[in-house]
Amino acid sequence: MAPQFDAIVVGAGFGGMGAGIELDRLGLSNYVILEREADLGGTWHVNHYPGLAVDIASVTYSYSFEPNPFWSRLFAPGKELKRYAEHVAEKYGLRRRMRFSTVVDGARWEEENQQWVVSIEGGAETLTGRYLLTATGFLSQPYTPPFPGIETFQGKIIHTTAWEDDFDLTGRKAAIIGTGATAVQLVPEAAKKVAELTVFQRTPIWVVPKVDAKIPAPVQKLFAKVPTTQKAARLVNTTMLEALMVVGVLHYKQAKPLNKAAAALAKAHLFAQVRDKQTRKQLTPKYDFGCKRPTFSNHYFKVFNQPHVHLETNSIERIEADGIVTADGHKTEIDTLILATGFNLWDVNFPAIEIIGREGVNLGKWWRDNRFQAYEGITVPKFPNFLSLNSPYSYSGLSYFTTIEGQMKHIARLFGEMFRRGEHTFEVTQQANDRFLDQVTDKLGASVFYGGDCSTARSYYFNQHGEAALLRPNSTVSTHKQAVSFPLDDYSFGAA
Ligand code: NAP
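As a starting point, this report considers the structure included with it. A quick note: this is a predicted structure, and the numbers were derived from the prediction, not measured. (Residues numbered from 1 in each chain as written. Predicted model: local features only at pLDDT ≥ 70, side-chain atom pairs only at ≥ 80, totals over all residues. Heavy atoms only, no water.)

**Here's the deal with the pattern of salt bridges**
All told, the structure shown has 27 salt bridges when counted by the stated rule. Across the pair K82 and E86 runs a salt bridge whose closest N-O atoms are separated by 3.7 Å. Of this pair, K82 and E86 both sit in helix α3 (residues 78-91), 4 residues apart, which is roughly one turn of that helix. Taking relative accessible area as the criterion, K82 reaches 14% and is therefore assigned buried. (Salt bridge = Lys/Arg side-chain N within 4 Å of Asp/Glu carboxyl O. Helix = DSSP H or I, 4+ residues; strand = E, 2+ residues; numbered from the N terminus. Buried < 20%, exposed > 50% of the residue type's maximum accessible area, 1.4 Å probe, protein only.)

Here it is, written out as structure tokens:
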């Protein structure tokens, strides 16, 4: 029996939407996009905490084929990203393919019918598709640490991914746990409202200045009228980010001075913004720049000069009904506990749904038992007709859109060849997969992850085996080049 759909896409964020656009370009228009949330936009739908904005300039953090001339700032606020996602969905006819509030449990390759069987809501419903594309994000499984006593806390607990827009922080005695990119945006906003704020920091983060400004109306008009001007702005910005990433992080061994210069810039920024020497020391990372995702802010450090804002660096021992007790026995009394504690990346929730390929191989288990791996960060042996958009070594560059667009190119080349041969199934060969894994392993040897000092970073770039298996160790230019030129016999093709 023929499958119900040409393709099933899981996830209606920018990754899933890019996949949908590419499927339409390939003429595979009978597809469905399944999304567990109530609306589209992925992270930009889920996150709406105060201060949310992109921290990669908007000219770069958007699809190159769908520029938005009307970003209000160089770094657009979160709401504009959500609106942009809605615009893309409308323009490319994606919304009518989407099914919201639909929790996918798992997918299983059915050899007999050469199709994927996708199970929804605990098996209440199954859908079948010739191809399966997962775009479930890396940062989509919120993490709440198992602090002893957290269940006894009598005040308000809120995770940044579950922000309640009508929740008023005015006059509260609040704690924010975590100092990642989310906290760096939230802390200055929360400090404006609360009576007391204690920021619990386990690991400091490198923060560099954010060169942000409003985009004046005449510039927006110019971008709209002469799109090459915005393209030029994108090129300049993307090139700067690439230099930071490729030279400073991935080629750390060869270009240590650039990495050290980035750290020096962050230190100077801290020195200029924080008066107290001890606080500055506490806010200074002991690991190399780039081991953990650095962040950008002009407001974060300054907040610690304010008398009602405190930095707590002792480790959290327990949570009581009305406060947090640290290892030194000190109790910080609070009525509001904000968890900016990030996401689970590499544990049993990766991949976000259970995926069973040929011969009953379970993708997540196989990754954990062996090494995390995926050819070109997108396909895996024994998983035919499957494209995993959030794979190990898939993240290329600092803007997620460079990754998505590289993957769209890979899909176009792969499907183009399959159709040219009159076939309907594909699977990457074990040999090609092994070769790619060897290449990335070799290249990562020069990166800050292995050549630098990342011992105290506690970075989600590293998995439970200590491998930096998230970022692809090359420039986005070479990722995109590879996406349009990978050897076609890296795949085997077959009839349906
Ligand atoms: P995160 O970077 O993983 O930070 C989580 C924070 O919680 C860390 O400071 C971590 O400390 C702390 N934490 C976790 N468990 C803890 C425990 N048991 N005790 C004390 N502290 C604990 O998460 P995030 O800030 O949500 O950011 C995740 C990513 O989202 C960012 O790196 C970025 O890629 C993305 N993001 C992007 C934007 C944007 O503007 N584009 C904005 C926000 C986020 P340790 O460091 O010690 O583990």
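There's plenty left to go through after this.
**Focus on the sheet that holds strand β15 (residues 331-333)**
Read from one edge of the open sheet, 3 strands run β13-β14-β15, paired in antiparallel fashion. With one partner strand each, in any of the chains shown, β13 (316-320) and β15 form the two edges of the open sheet. Here the average twist between neighbouring strands, direction ignored, is 20°. Where strand β14 (residues 323-326) and β15 come together, 3 bridges link them in antiparallel fashion. If you follow V325 over to β15, its bridge partner there is K331. (Pairing = 2+ DSSP bridges. Axes fitted to C-alpha atoms, helices over the stretch in contact; angles between N-to-C directions.)

**Side note on the site of the ligand**
In the neighbourhood of the ligand, 25 residues make up the surrounding shell, with A53, T182, T203, K292 and Y460 lying closest. Within the side chain of Y460, one N or O atom sits 2.6 Å away from an oxygen atom of the ligand. In the complex, the protein chains occlude 86% of the 910 Å² of accessible area that the ligand would expose alone. Here the shell around the ligand gets 3 residues from one element, more than from any other, and that element is helix α4 (residues 181-193). (Near = heavy atom within 4 Å. Polar contact = N/O pair within 3.5 Å; in protein donor to acceptor, adjacent residues only side chain to side chain. Areas by Shrake-Rupley, 256 points an atom, 1.4 Å probe, with all protein chains shown as cover.)

**Quick look at the sheet that holds strand β7 (residues 156-159)**
Pairing is parallel in the open sheet, where 5 strands are placed in the order β7-β16-β8-β9-β12. Of all strands in the sheet, those with a lone pairing partner are β7 and β12 (309-312), marking the two edges. Neighbour to neighbour, the strand axes of the sheet diverge by 20° on average, direction disregarded.

**Regarding the environment of T336**
Assignment of secondary structure puts T336 in strand β16 (residues 336-339). Overall, the relative accessible area of 0% leaves T336 in the buried class. For the pair T336 and A175, spaced 161 residues apart in sequence, the C-alpha separation works out to 6.3 Å. Residues in contact with T336, not counting those within four places in the same chain, are F153, K156, F167, L169, R172, K173, A174 and A175. A distance of 2.9 Å separates a polar atom in the side chain of T336 from a polar atom in the side chain of R172. (Contact = heavy atoms within 4.5 Å.)

**Topic: the state of the cysteines**
Counted by the stated rule, this structure contains 1 disulfide. A sulfur-sulfur separation of 2.1 Å characterises the disulfide bridge that pairs C291 with C454. As the torsion about the S-S bond is roughly -80°, the C291-C454 disulfide counts as left-handed. Of this pair, C291 sits in the loop between α8 (277-282) and β11 (295-296) while C454 sits in the loop between α12 (448-451) and α13 (476-483), and the two are 163 residues apart along the sequence. Among the residues examined, C454 registers a relative accessible area of 13% and is labelled buried. (Disulfide = S-S within 2.5 Å.)

**Structural notes on the nonpolar core**
F14, L197 and F449 are the most contacted members of the largest nonpolar core, which has 139 residues in total. No other element matches the 8 residues that helix α10 (residues 400-420) contributes to this core. In terms of domain composition, this core takes at least three residues from each of domain 1 (5-141 + 345-493) and domain 2 (150-210 + 253-287 + 297-339). With residues near it in sequence (within four places) discarded, F14 still touches W44, Y63, L81, Y84, A85, F401 and I404. Ranked by size, the runner-up nonpolar core spans 12 residues in total, among them I316, I319, L337 and L339. (Core = buried A, V, L, I, M, F, W, Y, C linked by side-chain atoms within 4.5 Å. Domains from an automatic or database assignment.)

Limitation: the analysis is restricted to geometry and does not speak to function.
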